[in-house]
Amino acid sequence: MNYLITGGSGFIGSHLVERLLSSGHSVINIDNFDDFYDYKIKVRNTLESVKLPTEFSFREKEHDIQKLIFETSSKDYQLYYQDIRDKNGLEKIFAKHRIDVIIHLAALAGVRPSIERPLDYEAVNIKGTMNLWELAREHGILKFLNASSSSVYGNSDKISFSEDDSVDQPISPYAATKKCTEILGHVYHHLYKISMVHLRFFTVFGPRQRPDLAIHKFTQNITENTPLPFYGDGSTARDYTFIDDIIEGIVKALHLVETHENIYEIINLGGDEVVTLEEMVAVIEETLEKKAHKKMLPMQPGDVQKTAADITKARTLLGYLPATHFKTGIKKFVEWFLKKGS
Ligand SMILES: NC(=O)c1ccc[n+]([C@@H]2O[C@H](COP(=O)([O-])OP(=O)(O)OC[C@H]3O[C@@H](n4cnc5c(N)ncnc54)[C@H](O)[C@@H]3O)[C@@H](O)[C@H]2O)c1
């Protein structure tokens, strides 16, 4: 298969690229190495995803990415330094390649920063996504997989969140943009018969996790003896999903979209294990054999109280079965974190 992945140099994207290449597929990766976090991390992700050594002599961003494009280019892999907001730029890539399936992961992905920069989130997450659908339509690409998020559920007080629940009350701009993509996606499915699956990921963690996410930040705080910002009373809880399980879920969803015509599905991908903030910090402390210096802070605007995935649909439709327990996942994350050296 020829896959076009957006955001393939990010956390989830680089793992997916690695998996698809090792299964013998071709991958085109569109990523603009945005400054949400250090581009050098994304350079390393990219090198790892194509199984090249991660030693890289960095000079300055533009030069480094051009060098990366050259070094990683192969008959099965092509990286494009391209912003999804720029439709003309995307058009050149679509004109050049035969694409079977689009896997859209590129986004501005943080909840709290979306409150500071709502218009940027709108431009990347909504307009950028629409650019891809417009090009899919123009080029007759009928298979599309989109990264949505558990944040669409807002402050639901249900025990676990199911795809049939109403998600009309998001509490952050980020969550609202993800919900918009699910709705707009339906229009493209309806009008142009694009088969589409939206995967609602529940807090993903593991090696290469984004540095802005809590597990990564807290591991850094504990190892460096710096204060760990502890928001609320510790009772907020997340359904954490290990990266290998998410990749397994994506691969299964790809199979669904590739083997069915004209489908539209929204599917939760969670870890089936809800962990409180208090428990999460305790597991990291135990794994590092070191105590955190907690700095108690109030709950942050935009943060939901709890996420908990009902994964019945993923189980029945995809055969998805998350296999990594939280403690095992943290152990793997910490091993990676200590090996990478910062
Ligand atoms: N990590 C999670 O826990 C989680 C949970 C729910 C949903 N998601 C969604 O999964 C997807 C991947 O998340 P991630 O954690 O790997 O994030 P990430 O930030 O590591 O990866 C996103 C990638 O998209 C690229 N990108 C951003 N804006 C772009 C633009 N305008 N043009 C081209 N590329 C652009 C970035 O450079 C980055 O490499 C996102 O859509 C995110 O919203 C992630």
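Nothing here was measured: the structure is a model prediction, and the numbers come from that model.

(A) Structural detail: helix α2 (residues 39-49). Of all the positions in α2, only Tyr39, Lys42, Val43, Asn45, Thr46, Leu47 and Ser49 are classed as buried. Along its buried surface, α2 packs onto α1 (11-22), α3 (61-72) and β3 (77-81). For α2, the N-terminal cap is Asp38; the gap from its side-chain oxygen to the backbone nitrogen of Lys40 is 3.0 Å. Looking one or two residues past α2, Lys51 carries a phi angle of roughly 60°, positive in sign.

(B) Representation of the site of the ligand in the model. If you check the shell around the ligand, you find 30 residues, and the closest are Asp31, Tyr37, Tyr174, Lys178 and Val204. The separation between an oxygen atom of the ligand and a polar side-chain atom of Asp31 is 2.6 Å. Taking Lys42, its side chain carries an N or O atom lying 2.9 Å from an oxygen atom of the ligand. Here the ligand loses 97% of its free accessible area of 830 Å² to cover by the protein chains. Elements with a contribution of two residues or more to the shell around the ligand: α1, β5 (143-149) and α7 (173-192). If you tally residues by element for the shell around the ligand, the top one is β5, at three residues. Looking at the shell around the ligand residue by residue, the class counts come to 15 nonpolar, eight polar and seven charged.

(C) Highlighting unusual backbone geometry. Even without glycine at this site, Arg208 takes up a positive phi of about 75°. Assignment of secondary structure puts Arg208 in the loop between β7 (204-205) and α8 (214-224). Overall, Arg208 belongs to the buried group, its relative accessible area being 5%. Phi at Asp272 takes a positive value of approximately 65°, unusual for a residue other than glycine.

(D) Inspection of the packing of aromatic side chains at higher detail. According to the stated counting rule, one finds 16 aromatic pairs in the structure shown. A ring pair is formed by Phe56 and Phe58, whose centres lie 4.9 Å apart and whose planes are at 50°; its orientation type is tilted. Owing to a relative accessible area of 12%, Phe56 belongs among the buried residues under this scheme. Looking at Phe58, the relative accessible area reads 24%, which means it is partly exposed. Taking 6.0 Å as the distance between ring centres and 80° as the angle between the ring planes, the aromatic pair formed by Phe205 and Tyr240 counts as edge-to-face. Of this pair, Phe205 sits in strand β7 while Tyr240 is found in the loop between β9 (237-239) and β10 (241-242), placing the two residues 35 residues apart along the sequence. Accessibility expressed as a relative area gives 8% for Tyr240, which makes it buried. Through a chain of ring-to-ring contacts, the aromatic side chains of Trp133, Phe144, Tyr188 and Tyr192 assemble into a single cluster.

Criteria and cut-off values
- Residues numbered from 1 in each chain as written.
- Predicted model: local features only at pLDDT ≥ 70, side-chain atom pairs only at ≥ 80, totals over all residues.
- Heavy atoms only, no water.
- Buried < 20%, exposed > 50% of the residue type's maximum accessible area, 1.4 Å probe, protein only.
- Helix = DSSP H or I, 4+ residues; strand = E, 2+ residues; numbered from the N terminus.
- Contact = heavy atoms within 4.5 Å.
- Polar contact = N/O pair within 3.5 Å; in protein donor to acceptor, adjacent residues only side chain to side chain.
- Near = heavy atom within 4 Å.
- Areas by Shrake-Rupley, 256 points an atom, 1.4 Å probe, with all protein chains shown as cover.
- Nonpolar A, V, L, I, M, F, W, Y, C, P; charged D, E, K, R; others polar.
- Phe/Tyr/Trp six-rings, centres within 6.5 Å; stacked < 30°, edge-to-face > 60°.

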